Amino acid sequence: PLPIPAGQTTIEFVNRGPELHHVQIVRLEAGKTMADFQAAMQSHGPPPAWITFVGGPNGSIPDGKSTVKVAVSLTAGQYVLICFIPSPEGKPHVAKGMVRPLTVTPARGGVAQAGLPKADNVMTLYDYNFDLDKPLTAGTRTILIRNTSKQFHEVFIAKLPGGTPVTSMMEWLSGGMKAPPPVIPHGGIVGIAAGDDNYLTLDLEPGEYGLYCFLPAPDGREHVQHGMFKKITVTR
C-alpha cells in the first residue's frame with residue numbers, strides 16, 4: 001500500500017520480469033520532491049547530498065517465484081524506489097521509467113511499528129570487504145547487515161554452481177551481459193548509507209556463494225574493482 005506508516009517495514013520482492021532487477025530505496029531531504037530527484041539524475045554526476053540510501057532487496061532470479069525479504073527502518077518523509085540495474089544494451093532501468101515515489105507517513109499514534117527480526121548472523125560491510133560473525137548454514141536465515149564504513153555499500157549474493165569462480169560475475173558484466181549470467185542471483189541488499197543496517201531473510205542451500213558490491217567509489221571505480229568481492233561456503 002502507498003503511502004505506508006513509519007517504522008520497521010519488511011519488503012518482499014518478487015521479480016516477474018525477464019531481466020535482473022532490484023529495489024533501491026532512497027530518502028529525500030525535507031523539501032525535496034520527485035521532480036528534484038529526476039532533475040538530479042539527468043546530471044549523471046555523483047548522487048546529491050540530499051538523498052540517503054536506505055537499502056532494499058537486491059536482485060534475485062527473474063522467475064516470478066523467488067522472493068527476497070528485507071526489513072528496513074523508515075522515518076516519515078518522501079522516498080523514491082529505483083532500479084539502477086542496466087539492460088544488456090547498457091541503459092539503466094531507472095532511465096526506462098523504473099522509478100516511483102513513496103510517501104512514509106508518521107506512525108499511527110506517534111508510535112513506530114515494533115518487531116525487529118531475530119538475526120541468525122551478522123554481516124559487516126566496510127571498505128572494501130564483508131565480514132560474517134560466524135559461518136552461514138543452510139536453511140531460512142535472517143542476516144543483520146551493517147555498514148560500518150564511510151561510504152555506502154551493498155551486498156549482492158549469488159550462488160556459484162559447479163566450481164564457478166567468484167570473478168565470473170564481473171567478467172560477465174564487463175562482457176555486456178550477452179548471455180545468461182554464470183552465477184545464480186540469490187538476493188541481498190542494495191545500497192545503505194554509512195551507519196545504517198538492513199535485515200535480510202533468504203533461503204540458503206549448501207554450496208559456494210559470491211558476495212559483491214558494485215556501487216561506485218569516489219574515484220569512479222566500482223567497489224568490486226577495489227576488491228570488494230568474496231567467496232563463502234554455506235554448510236549443512
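## Regarding the sheet that holds strand E8 (residues 121–126)
Moving on, step 1. Taken in spatial order, the six strands of this open sheet run E2-E5-E13-E10-E8-E9, and their pairing is mixed. Each of the sheet's edge strands pairs with one partner strand only, and the pair in question is strand E2 (7–14) and strand E9 (129–132). Going across the sheet, the axis of each strand differs from the next one's by a mean of 25 degrees, ignoring polarity.
Moving on, step 2. Taken together, the eight bridges between E2 and strand E5 (residues 67–74) define a ladder with antiparallel strand orientation. Within E5, the residue paired with Glu12 across the bridge is Lys69.

## As for the nonpolar core
Moving on, step 1. Judged by nonpolar contacts, the single largest core of 46 residues is most densely connected at Phe37, Met123, Leu125, Phe130, Ile145, Val155 and Leu200.
Moving on, step 2. Among the nonpolar cores identified, the runner-up in size contains 15 residues, and Ile85, Ala158, Leu160 and Tyr212 belong to it.

## Let's talk about the packing of aromatic side chains
Any two aromatic rings considered together are summarised by their centre-to-centre distance and by the angle between their planes.
Moving on, step 1. Scanning the entire structure with this criterion turns up four aromatic pairs.
Moving on, step 2. Ring centres 6.2 Å apart and planes at 45 degrees place the aromatic pair Phe156 and Tyr212 in the tilted group. A residue pair is termed long-range when its members are at least 10 positions apart, and Phe156 in strand E11 (residues 153–159) and Tyr212 in strand E14 (residues 207–212) qualify at 56 residues. No difference in accessibility class separates Phe156 from Tyr212, as the two residues are buried.

What counts, and at which threshold
- Residues numbered from 1 in each chain as written.
- Predicted model: local features only at pLDDT ≥ 70, side-chain atom pairs only at ≥ 80, totals over all residues.
- Heavy atoms only, no water.
- Pairing = 2+ DSSP bridges.
- Helix = DSSP H or I, 4+ residues; strand = E, 2+ residues; numbered from the N terminus.
- Axes fitted to C-alpha atoms, helices over the stretch in contact; angles between N-to-C directions.
- Core = buried A, V, L, I, M, F, W, Y, C linked by side-chain atoms within 4.5 Å.
- Buried < 20%, exposed > 50% of the residue type's maximum accessible area, 1.4 Å probe, protein only.
- Phe/Tyr/Trp six-rings, centres within 6.5 Å; stacked < 30°, edge-to-face > 60°.

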